[in-house]
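A closer look at the structure
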Amino acid sequence: MRLKASFIAVMFGVLSTTAATIALSAPQVLKIVTHSPLSGAQSTTGETIKFGTQLAVDDFGKILEPYNAKLVLQAEDDQSNPTVGVANANRLIGDASVIGIIGHFNSGVAMATTEVYAKANLVMISPANTNPKITERASTSKIANRVCGRDDVQGPAAQSFMSSHLKAKKIYVINDKTAYGSGLAQEFEKASRKAGVQVLLSTGVDEKETDFSSILNRAVIEKPDVIFFGGIYSQGGLLLKQMRQKHIESVLLGGDGLDSAELQTIAGAANIRNVYFTSVAMPLNQLPKAKSFIETYKTKFKKSPDGFAVASYDAAHALILATAESLKAKKGQAVDRADIAANVRKVNFEGLTGTIAFDNKGDIKAARYVVIEAGATPAQNKTAAVITK
Amino acid sequence: METSIGWQLLPMTLADGLSLGVMYAIIALGYTLVYGVLGLINFAHSEVFMVGGIVGVELLIYVLTPTSLHPLIQLALALLGAGFAAAAVAWGVERYAYYPLRSRPGSGSLAPLITGIGVSLVLMDTVRLFESFFGHFERPFPSIAWFEETYAVSEHLILSYKSLVIWGLGGGFLALVHGLVNRTRWGLALRAVAQDTHAAMLLGIESRKMVVLAFVLGGFLAGMGGVLYALQFGKINAFSGFVPGIKAFTAAVLGGIGSIPGAVLGGILLGLIEMLAGTYLPLLTDGAIGSEYKDIVTFLLLILVLLCRPTGLLGKPKAEKV
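Reading guide: rules and limits
- Sequence positions are assigned chain by chain, starting from 1 and proceeding in written order.
- Lettering of chains starts at A and numbering of ligands starts at 1, both following the order in which they are written.
- In view of the model being predicted, local features appear only for residues whose pLDDT reaches at least 70, and side-chain atom pairs are presented and counted only at 80 or more, with totals across whole chains, interfaces and linings using the full set of residues.
- Each helix corresponds to a stretch of at least 4 residues labelled H or I by DSSP, and each strand to a stretch of at least 2 residues labelled E; elements are numbered beginning at the N terminus.
- Take the number of residues in a helix, subtract one, and multiply by 1.5 Å to get its expected span.
- Put plainly, a residue is buried at 20 or more neighbouring C-beta atoms within 10 Å of its own, exposed at 12 or fewer, and partly exposed in between, counting only other residues' C-beta atoms, which are placed from the backbone.
- A pair of residues counts as a contact when their C-beta atoms, built from backbone coordinates, are within 7 Å of each other.
- In this count, Pro and Cys sit with the nonpolar residues alongside Ala, Val, Leu, Ile, Met, Phe, Trp and Tyr, while Asp, Glu, Lys and Arg are called charged and the others, Gly among them, polar.
- Here the rule is simple: two strands pair whenever DSSP picks up at least two bridges between them.
- Note on definitions: angles span 0 to 180 degrees between N-to-C directions of axes, and those axes are lines fitted to C-alpha atoms, for helices only across the stretch in contact.
- We define the bend at any residue as the angle between the axes fitted to the seven residues before and including it, ending there, and the seven starting there.
- Think of a nonpolar core as buried Ala, Val, Leu, Ile, Met, Phe, Trp, Tyr and Cys residues chained together by C-beta atoms that fall within 7 Å.
- A score between 0 and 100, pLDDT records how confident the predictor is in each residue.

Bringing helix α9 (residues 207–233) of chain B into the picture now. With 27 residues, α9 of chain B should reach 39 Å at 1.5 Å per residue; the first-to-last C-alpha distance of 38 Å fits that figure. Of all 27 residues making up α9 of chain B, 23 are buried, and the element is well covered by its neighbours.

So, in structure tokens, the structure goes:
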């Protein structure tokens, strides 16, 4: 018994001396937080946001070392659910070591959480949120940024491609009733009507709906040239599968929500015919500078990156540069989040996806939109057109 | 133009509504069987359905489609595998979640209800976790060309082999359950327990065995229903049980919970109404009201039916025990 007690005493002594030495030399730990769906139907993309950011932390974390700061990644799961996102956000703003957020994947979640981040001047740079309102609201105007384009441009971009390349005359517009899906579909529909395209049917479907037959039976008779889907790949793939099963050969056109390798898995390779989607994330083969990024990603995570991974890498890079500026000016004082947020608007560098610089709203200055034709496998996706804002 | 489209759409709408309805009916039977013997709404039932569907689809993907068996034999084997897996889960739920609770005095009716919801969440996330070990979430039903072949009854009624299989199997299952409950000694015992547990025990019926039978039978059906669901809609995932489960529960209530023909009638009616509403709402309102509002129509009708017949279409009011 006595032996044990003395052992503990010795251990305690060792521990306390180590702790003391660490406290003297240890740099302050700063956290970049990724906030994206890591579970549930959209976790595939949510994970690429996390991994892309991880690589940026590995590559650029040393930028902060001169200011005695050590950068780490903390990955949070918003489950594509605004309620979960807000709960996480309230916890995150209380952690003084968090310098900024890379996320979200869903605009509906970002809209809710940014209201919380704004209370603590915590900056968010989104790799994927395309809903126009993200950067248009006064309450969050100082902290909400994105490195991707906007739906009010993405929708019209899809329409101009549809009219010029597909020559569509009569179309269906379907949305999944989420902030992202209905926003995109509205902008697309508005542009289509303006261009004189006949919208035969415009309807929403519940985002959990798996049965599209009430819409598709009608399409069998009316034979629309194009069915536009504003929504996410898990549902879009199913819609496509059911279209082809009912022998409907209309073109399926969608937004960046369809941009996932899962699209092919769900729809089945044989059903991928005449499927196009616009995306704010450039296909990786369009990005000559991303080559070594792709290789590192593959060796490190044993998975293939997508456009959102690269966008997250650039977003995190911007955040790190802004933080370095802030730490430099403040000479090692505590982190000033409002200052970091202000510095994000001042960055200007060549990222993997192009020039990263933000306007005074937080939108990226030179956004590019790409139209992709889906192939039987994700590797066979082809770029059909590139449209620059 | 609009009216003619409406008429042209009717046959396919009814056909798809029937497929959906058969699916609801198969799940609804599980709710009704358990409610019949225990007076308990088994909220874990929708996840038993999901487990069956996942097991069936995995069997097809990894074991059956690589063989050169006829698609129908592949489906039959997947259905059996799914049925047994789901029945095992249903048995486990009864044995380890409900039975210990029921055997303790004073647990009331609220505790089993919450237990059911808890079990349901546990099953959902366990399956999700299991699938995530393999990097999977969505499990697509393998593309088997045979199911997508079609038979044109008329210009506007083109039936896929898939729908015919679903109707045939669905009808078969329902007839089998009906026969089992009404024509066999086990069925007689089951009905006796449903009518009066204590009186049945006095007559030498082991009521506990009958409770297990209701769970296992309902689970077996739901498991096969899960495979048919994946066949009809093209994919299944760990969260796929929730919505069909709620709808099937609604169907059971609509038909009169506790009544087997009621569950079948309720399921088919609900499927038809849902499909009709989804198709005709946007047509009749010229696009002002989209298909997404179909549930409003469905549930308004449900409320109306329950106002007129509080025990459901075929439910009998509980005799007052004096």
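Now that the structure has been shown, the text picks up again.
Taken together, the contacts link 27 residues of chain B with 29 residues of chain A. Counting residues per element, the ones that place at least two in the side of chain B that touches chain A are α1 (2–38) and α11 (260–284) of chain B. The residue inventory of the side of chain B that touches chain A, partitioned by class, reads 10 nonpolar, 11 polar and 6 charged.

Attention shifts here to the sheet that holds strand β1 (residues 28–36) of chain A. Residue and element names in this part refer to chain A. Spatially, the 5 strands line up as an open sheet ordered β2-β1-β3-β4-β5, and their pairing is parallel. Each having just a single partner strand, β2 (69–77) and β5 (144–146) make up the two edges of the open sheet. Taken over all neighbouring pairs, the strand axes of this sheet differ in orientation by 25 degrees on average, direction set aside. With 3 bridges joining them, strand β3 (residues 98–103) and strand β4 (residues 123–126) adopt parallel strand pairing. When the sheet's bridge partners are listed, Ile 101 is paired in β4 with Met 124. With respect to the sheet, helix α2 (residues 43–60) is in contact with β1, β2 and β3, its orientation differing from that of β1 by roughly 155 degrees. Sheet contacts for helix α4 (residues 107–119): β1, β3, β4 and β5; angle to β4, the most-contacted strand, approximately 155 degrees.

For the rest of this paragraph, the subject is α11 of chain B. All names here are of chain B. Under the 1.5 Å per step criterion, the end-to-end length of α11 is 35 Å for 25 residues, consistent within 8% with the ideal 36 Å. In the structure, α11 departs most strongly from a straight axis at Ala 277, where the bend amounts to approximately 25 degrees. Of all the 25 residues making up α11, 20 are buried; the element is thus mostly covered by neighbouring parts of the structure. Looking one or two places after α11, you find Asp 286, whose phi comes out positive at around 55 degrees.

In this structure, Phe 228 and Leu 319 of chain A together with Ala 25, Ala 28, Val 51 and Ala 86 of chain B are the most contacted members of the largest nonpolar core, which totals 202 residues. Other than its neighbours up to four places away in sequence, Val 51 of chain B contacts Ala 85, Ala 86, Val 89, Leu 123 and Val 127 of chain B.

A residue-level look at chain B finds 97% of positions with pLDDT of 70 or above and a mean pLDDT of 91. This complex was scored by the predictor with a pTM of 0.78 and an ipTM of 0.86.

Before going further, it helps to examine the pairing of strand β13 (residues 368–373) of chain A. When a strand is regular, its side chains alternate between the sheet's two faces. Residue and element names in this part refer to chain A. Of the pairings in the sheet, the one linking strand β10 (residues 275–279) to β13 comprises 4 bridges and is antiparallel in character. Bridged to Tyr 276 within β13 is Glu 373. As judged from the 6 bridges shared by β13 and strand β14 (residues 382–388), these two strands associate in the antiparallel manner. Looking across to β14, one finds that Glu 373 is bridged to Lys 382.

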